[in-house]
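Descriptive analysis of the structure
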Amino acid sequence: MNINQVMVIGAGQMGAGIAQVCAQSGFHVLLYDKQTEALNHGVKRIHKFVHRACEKQKITEEQRDDTLLRIERAATIQDAAKADLVIEAVVENMDVKTAIFHELDQIAPAHTILASNTSSLSITEIAAATNRPDQVIGMHFMNPVPIMQLVEIIRAVQTSDGTYSIIEQMAKKLNKVPVTVQDFPGFVSNRILMPMINEAIYTLYEGIATVEDIDTSMKLGMNHPMGPLTLADFIGLDTCLYIMEVLHEGFSDSKYRPCPLLKQYVQAGWLGKKTGRGFYVYT
């Protein structure tokens, strides 16, 4: 099967980035969000990234214009009837995702592959919400999508070899590096990353070092480009907490227990960069 038309559900930071890289790679893209304001913001984000890439001479003016022409706003989720591949990139909540996949299953043509950009949730459970579980797969892009090369391709128990092969080739066409991951909580990247971030928060919680010194230790001592607490603010503390809860519940192992300080910050609404305050204050 050839993928020509891609529909992206969710126009937030991840969804807009996915739409952009698909369009840059020659795919026609329908971008949908049920909130008009979010859709408008997502399109503006894409224009900003693409124009900046052109100014930095990473792409030509012709490539810039062609990319933007390939992106179309979808007025309704019913436009999934035109898609060969639908990539869902909405809030990290199983009930929301399964509801969307159930609806997409009713709308999309029989050949259409349904993919989720979930960072931790079970693709097997999402697939079970459809009548085409063999055509459901995970495509976990990294943030920011236009820059980061990795894509985790997550196989549900039901995912067919044919579906996997098509999505692996699709990822390569997007100039990404695909890695194959089996369907376990947190997959690979977040199963390793989030406990490290959580341990950094425990280090702060127990008064061992300051926020700045914890980040400096990991940057200079471990050659990390960004300290774990800065990274947590960038990801969103609510997202970090949610993933830790998925890991804790999924493995029933106390090593994944979210730090009480992380829970407290989320309760306070200190979610990181997106709210102006997390472990750092942003102006």
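Conventions and cut-offs
- Residues numbered from 1 in each chain as written.
- Predicted model: local features only at pLDDT ≥ 70, side-chain atom pairs only at ≥ 80, totals over all residues.
- Heavy atoms only, no water.
- Pairing = 2+ DSSP bridges.
- Helix = DSSP H or I, 4+ residues; strand = E, 2+ residues; numbered from the N terminus.
- Axes fitted to C-alpha atoms, helices over the stretch in contact; angles between N-to-C directions.
- Contact = heavy atoms within 4.5 Å.
- UniProt positions renumbered as here; feature names shortened; annotations may be inferred.
- Domains from an automatic or database assignment.
- Buried area = accessible area lost by both parts, 1.4 Å probe.
- Polar contact = N/O pair within 3.5 Å; in protein donor to acceptor, adjacent residues only side chain to side chain.
- Nonpolar A, V, L, I, M, F, W, Y, C, P; charged D, E, K, R; others polar.

Quick notes on the sheet that holds strand 1 (residues 5-9)
Strand order in the open sheet formed by 8 strands is 3-2-1-4-5-6-7-8, and the pairing between neighbours is mixed. Edge strands, defined here as strands with exactly one partner in the open sheet, are strand 3 (71-73) and strand 8 (177-182). Sheet twist, expressed as the average angle between the axes of neighbouring strands with direction ignored, equals 25°. Along the sheet, helix 4 (residues 94-107) contacts strand 1, strand 4 (85-88), strand 5 (113-116) and strand 6 (136-141); its crossing angle with strand 5, the most-contacted strand, is approximately 165°.

Considerations on the UniProt feature "binding site: NAD(+)" (unreviewed entry) in the chain
The UniProt record marks Gly10, Ala11, Gly12, Gln13, Met14, Gly15, Asp33, Glu92, Lys97, Ser119, Asn143 and Lys274 with the feature "binding site: NAD(+)" (unreviewed entry), using the residue numbering of this structure. Looking at where Met14 falls in the secondary structure, it is placed in helix 1 (residues 13-24). The residues touching Met14, leaving out its near neighbours within four places in the chain, are Asn117, Phe141, Met142, Asn143 and Val145. Looking at the secondary structure, you find Glu92 in the loop between strand 4 and helix 4. When sequence neighbours within four positions are dropped, the list of residues in contact with Glu92 reads Lys97, Thr118, Ser119, Ser120, Leu121 and Tyr242.

Focus: the UniProt feature "domain: 3-hydroxyacyl-CoA dehydrogenase C-terminal" (unreviewed entry) in the chain
Taking the numbering used here, the UniProt-annotated feature "domain: 3-hydroxyacyl-CoA dehydrogenase C-terminal" (unreviewed entry) corresponds to residues 186-282. Secondary structure over residues 186-282 splits into 63% helix and 0% strand, and the C-alpha atoms at its two ends are 28 Å apart.

Describing the domain arrangement of the chain
Examined at the domain level, the chain breaks down into domain 1 (5-182) and domain 2 (190-273). One C-alpha centre belongs to domain 1, the other to domain 2, and the line joining them spans 27 Å. If you look at the interface, domain 1 gives 9 residues, while domain 2 gives 5 residues. Buried area between domain 1 and domain 2, summed over both chains or domains, comes out near 550 Å², and the portion from carbon and sulfur atoms is 56%. By the criterion of area lost to domain 2, the three top residues of domain 1 are Glu92, Ser119 and Ser120, representing 53% of everything that side buries. Run the count over domain 1 and domain 2 and you get 2 residue pairs in polar contact (both at pLDDT 80 or more). For the side of domain 1 that touches domain 2, the residue count by class is 2 nonpolar, 6 polar and 1 charged.

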